[in-house]
Amino acid sequence: MCKDPPVEGSASCGAPSRVGEMFDRISPTYDLLNRLLSLGRDRAWRRRTAELLGQGKGLRVADLATGTGDLLIALLQRCPPIAEAVGLDVSERMLGVFRRKLHRNGLADRVKLVQADASATPFPERAFDAVTMAFGIRNTSDVGATLGEIHRILKPGGIVLILEFSLPKNRALRWCHLKYLRLGVPFIGAVVSGDRHAYRYLDESIEAFYPPSDFCALMREAGFAEVSAAPLSWGVASIYRGMKQPA
Ligand SMILES: C[S@@+](CC[C@H](N)C(=O)[O-])C[C@H]1O[C@@H](n2cnc3c(N)ncnc32)[C@H](O)[C@@H]1O
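(A) Examining the overall build of the protein chain more closely. Of regular secondary structure, the protein chain possesses 9 helices and 7 strands. A compact globule built from 247 residues should have a C-alpha radius of gyration of about 18 Å, and the protein chain, at 17 Å, falls within 12% of that. Along the first, second and third principal axes, the C-alpha set of the protein chain runs to 45 × 40 × 30 Å. Split into buried and exposed, the 247 residues of the protein chain put 46% on the buried side. Taking all contacts inside the protein chain whose residues are at least 6 apart in sequence as the whole, residues at least 24 apart take part in 70%.

This is the structure we're talking about:
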């Protein structure tokens with residue numbers, strides 16, 4: 001969901017501070033609109049992503065662009081062996097919603113929240129066994145730099161899982177989905193959040209983002225091995241997985 005028009009050629013959006021301001025504005029209705037606009041599928045997509053993490057013991061996990069935290073909560077609920085969980089986001093208000101959710105779920109002492117840019121995190125090299133990012137990389141101003149940063153903070157042998165919107169390959173489905181993104185999403189978004197702009201740019205940023213094969217190529221360029229993409233719900237979203245080569 002980008003306020004700034006996607007930067008031509010970069011398939012991503014504008015300056016982190018402006019994107020953060022937009023997410024600050026829509027934070028009160030963000031979760032509700034996720035449920036409505038995805039017809040409830042977003043939760044299943046995050047659960048599926050969490051299942052791919054595996055069951056290693058004492059895992060250290062960072063969730064970038066964590067927002068209101070639904071992926072990190074799904075990870076904590078599905079993968080009890082997580083020893084250290086960090087959620088990072090540029091938007092203070094999205095993190096505020098997440099903080100309140102953690103308190104309600106009795107998870108406040110299990111997650112550290114950090115306000116920072118995903119392409120330049122404050123974490124040391126090789127800090128995490130897994131890095132996750134749901135619907136966030138499309139919003140960063142430099143996708144390559146963000147992938148490079150993820151690679152830097154992962155331990156050798158560590159896993160990256162990225163959940164992001166994509167477009168169905170089937171032409172008829174793609175046509176219907178584009179109609180929904182261009183007309184339905186901004187309308188429903190405007191009615192519920194009062195911010196038509198944000199939900200118009202949700203469509204624009206999805207349409208401008210890399211197709212799965214190109215994004216996999218970018219992941220390989222950033223140094224990841226065993227890169228794969230798995231389509232969800234006929235391809236309206238995809239889970240990308242990669243591994244940092246063991247030393
Ligand atoms: C569509 S929301 C996704 C939130 C959450 N991961 C989820 O699954 O619902 C995108 C999030 O990315 C954050 N974001 C955008 N650009 C960012 C950046 N450069 N660094 C860190 N977070 C960023 C926004 O503030 C927002 O919370």
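(B) Local environment of the sheet that holds strand β4 (residues 128-134). The 7 strands lie next to each other as β3-β2-β1-β4-β5-β7-β6, forming an open sheet whose pairing is mixed. Looking at the sheet topology across the chains shown, the edges are occupied by β3 (111-115) and β6 (224-232). Neighbour-to-neighbour, the strand axes of this sheet turn through a mean angle of 15°, independent of strand direction. Pairing of β4 with strand β5 (residues 154-165) involves 6 bridges; the strand directions are parallel. Its bridge partner being in β5, Phe 128 is matched across the sheet by Leu 154. Where helix α3 (residues 41-51) meets the sheet, its contacts fall on β4, β5, β6 and β7 (237-244), and the angle it forms with β5 comes to roughly 165°. Contacting β2 (82-89) and β3, helix α5 (residues 92-104) crosses the sheet at an angle of about 170° to β3.

(C) Representation of the site of the ligand within the structure. Looking at the ligand, there are 23 residues lining it, with Ala 65, Gly 67, Ser 91, Ala 118 and Ala 134 nearest. Residue assignment for the shell around the ligand shows that the elements contributing at least two residues are α1 (16-26) and α4 (70-78). Per-element accounting of the shell around the ligand gives the leading share, 4 residues, to α1. In the shell around the ligand, the residues fall into 11 nonpolar, 9 polar and 3 charged.

Rules used throughout
Residues numbered from 1 in each chain as written. Predicted model: local features only at pLDDT ≥ 70, side-chain atom pairs only at ≥ 80, totals over all residues. Helix = DSSP H or I, 4+ residues; strand = E, 2+ residues; numbered from the N terminus. Rg over C-alpha atoms; globule rule 2.2 N^0.38 Å. Buried ≥ 20, exposed ≤ 12 C-beta atoms within 10 Å, placed from the backbone. Contact = placed C-beta atoms within 7 Å. Pairing = 2+ DSSP bridges. Axes fitted to C-alpha atoms, helices over the stretch in contact; angles between N-to-C directions. Near = placed C-beta within 6 Å. Nonpolar A, V, L, I, M, F, W, Y, C, P; charged D, E, K, R; others polar.

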